[in-house]
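Here are the chains, one letter per residue:
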Amino acid sequence: MIIQRLQLRNFRNYEKVSVDLDPHMNLITGKNAQGKTNLLESIVYLSLTRSHRISNDRKLIRNGEEFADISCRFEDSGIEKEIEAVIHQKGKTLMVHRQPVRKSSEFIGLLNVVMFSPDDLRLFHDQPKDRRRIMNQEITKISPVYLVSLSRYQALLKERNILLKSDSVNMRILDTLDEQMVTEEKVIIDYRRKFVDSIQKDIGTLYRRISSDQSEISVKYVCCTDDIENDDPLKEMYLMCRQRDMQYRTSTAGIHREDIRFEINGTPVEETASQGQKRMIVLAFKLALMNYIVRETSKCPVLLLDDVLSELDYEKQKRLLDMMSDTYQCLITSTEIPSFLKNQKMKEFQIINGTINPL
Ligand SMILES: Nc1ncnc2c1ncn2[C@@H]1O[C@H](COP(=O)(O)OP(=O)(O)OP(=O)(O)O)[C@@H](O)[C@H]1O
Ligand SMILES: [Mg+2]
């Protein structure tokens, strides 16, 4: 996928801008608080219909204005597409080729992007639910089937928890709910297993290429059951937990309790890795994510790297940028232009207080 033109109106600190991007490398520089992250955030919004950093959409509207408008024209497998999101006080309107779509699911993932943000370093220290959110977000972008199963599972889980809180739990209803949940869980586990396997396949090699550190990096899927060949292990899990679930009046096992674990040389990353190592593991994870999306969809996402160069030493900055292949479009923000980049083929932009100027 290649974003050709991005247009913003009243988005964050931008009043009105239009940017024509290079199909490969785009370097966006600017001092602090000028709008670099805001620009990438607008692209993430078009991909996910939400920001990667806040949940209140109204904060995205430029102060004092009524609405924000983000639109972009991009190329997807040789076909030109136009998508637009208008954020207003009461919600949002999503459009494809200027026609409003009824459901977000018809819009999410049309433009597929992978973003690295310095906030991603929290990944290792966050709660399992935050890592599950990332996993769900990435799999949802490539599979509507996963999204359907996940939504059904969440509705069933809600129902099950209400039932467990009731004074006398109807066992027949509980049996039926468990059975329905197992059906959805099998689909979800299958997708999650494939996701983690794909990341695991690449993350170590990518890490070593960026860092030249020979540490072993691995990602492990902490699944609620080890065997999904038939219904029995999941059913058994529910039966085994039943006593506990009744006691705690909530569902204590299932795919809503799963996690992914990152390890360096066999120990949890959060316990041993240095700041620089963590940064490179996250980067390797994001690049592995690009490969996962390509494998699953045969389409190449756009890579957004926000402030990726800071804290990396010169050698690593250079290795990373050398790895940015010609096969995908990349937008990198930085406060300064790295000296070794001066001769490289790329389009440069400078952002000053919400205005974007090609250099
Ligand atoms: N809704 C809004 N209306 C107007 N301005 C806003 C709004 N939301 C954020 N801003 C402004 O956007 C600026 C921050 O932009 P951004 O986060 O993109 O900075 P940046 O260039 O990435 O900086 P840094 O290098 O520090 O990361 C701040 O000046 C902030 O006040
Ligand atoms: Mg920023």
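Just so it is clear, the structure is predicted and the values come from calculations on it, not from any experiment.

Calculation rules
Residues numbered from 1 in each chain as written. Chains lettered and ligands numbered in written order. Predicted model: local features only at pLDDT ≥ 70, side-chain atom pairs only at ≥ 80, totals over all residues. Helix = DSSP H or I, 4+ residues; strand = E, 2+ residues; numbered from the N terminus. Rg over C-alpha atoms; globule rule 2.2 N^0.38 Å. Contact = placed C-beta atoms within 7 Å. Buried ≥ 20, exposed ≤ 12 C-beta atoms within 10 Å, placed from the backbone. Near = placed C-beta within 6 Å. Nonpolar A, V, L, I, M, F, W, Y, C, P; charged D, E, K, R; others polar. Core = buried A, V, L, I, M, F, W, Y, C linked by C-beta atoms within 7 Å. Pairing = 2+ DSSP bridges. Axes fitted to C-alpha atoms, helices over the stretch in contact; angles between N-to-C directions. Parallel < 35°, antiparallel > 145°, perpendicular 65-115°, else oblique. Left-handed = near helix turned anticlockwise from the far one by under 90°.

Draft legend 1. Quick peek at the overall build of the protein chain. Across its full length, the protein chain carries eight helices and 15 strands. Taken over C-alpha atoms, the radius of gyration comes to 22 Å for the protein chain, in line with the 21 Å a tight globule of 359 residues would show. The principal-axis extents of the C-alpha atoms in the protein chain amount to approximately 70 × 50 × 35 Å. Partitioning the contacts of the protein chain with sequence separation of at least 6, the portion at a separation of at least 24 is 72%.

Draft legend 2. Representation of unusual backbone geometry. Even without being glycine, N10 reaches a positive phi, approximately 55°. Locating N10 in the fold gives a position in strand β1 (residues 2-11). The phi angle at N265 is positive, at roughly 45°, despite the residue not being glycine. Mapped onto the fold, N265 is located in the loop between β10 (259-264) and β11 (267-268). For N265, a count of 12 C-beta atoms within 10 Å puts it in the exposed group.

Draft legend 3. The site of ligand 1, seen in detail. In the vicinity of ligand 1, 16 residues are found, and the nearest of them are N13, N32, K36, T37 and N38. Taken together, the residues that form the shell around ligand 1 break down as two nonpolar, nine polar and five charged.

Draft legend 4. Summary view of the nonpolar core. Residues I199, I203, I281, L283, A284, A288 and L304 are the most contacted members of the largest nonpolar core, which totals 90 residues. Leave out the neighbours within four places in its chain, and L304 touches L40, I43, V113, M115 and L331.

Draft legend 5. Structural detail: the environment of L206. By the element assignment, L206 lies in helix α4 (residues 171-211). L206 sits in the buried class, given 22 other C-beta atoms within 10 Å. As for L206 and V145, which are separated by 61 residues in sequence, their C-alpha atoms are 29 Å apart.

Draft legend 6. How the structure looks around the pairing of strand β12 (residues 302-305). Residues of β12 alternate between two faces, with V302 and L304 on one and L303 and L305 on the opposite face, all of them buried. Here four bridges tie strand β8 (residues 113-116) to β12, and the two strands are oriented parallel to one another. Each bridged residue has a counterpart across the sheet, and for V114 the counterpart in β12 is L303. Here three bridges tie β12 to strand β13 (residues 330-334), and the two strands are oriented parallel to one another. Paired with L304 across the two strands is L331, which belongs to β13.

Draft legend 7. Highlighting the sheet that holds β11. Strand order in the open sheet made by the three strands is β9-β10-β11, with antiparallel pairing throughout. Each end of this open sheet is capped by a strand with a single partner; those strands are β9 (217-222) and β11. When β10 meets β11, the two strands line up antiparallel, connected through two bridges. From the neighbouring strand, E263 faces β11, where its bridge partner is P268.

Draft legend 8. The sheet that holds strand β7 (residues 99-100), seen in detail. Pairing in this open sheet of six strands is antiparallel, and the strands run β2-β1-β4-β5-β6-β7 from one edge to the other. Each edge of the sheet is formed by a strand with only one pairing partner; in this case those strands are β2 (14-20) and β7. Sheet analysis places β1 next to β2, joined by six bridges and oriented antiparallel. Looking at the pairing, L8 lines up with V17 of β2. Together, β1, β2, β4 (67-76) and β5 (79-88) form the strand contacts of helix α1 (residues 36-48), whose direction differs from that of β1 by roughly 105°.

Draft legend 9. A look at the packing of helix α3 (residues 144-165) against α4. Running from N to C, α3 and α4 cross one another at 150°; their axes reach a closest spacing of 9 Å. Put simply, α3 runs roughly antiparallel to α4. Between α3 and α4 lies a crossing whose hand is left-handed. Contacts from V145, Y146, S149, L150, R152, Y153, L156, L157, E159, R160 and L163 of α3 reach α4 at I173, L174, L177, Q180, M181, E184, E185, V187, I188 and Y191.

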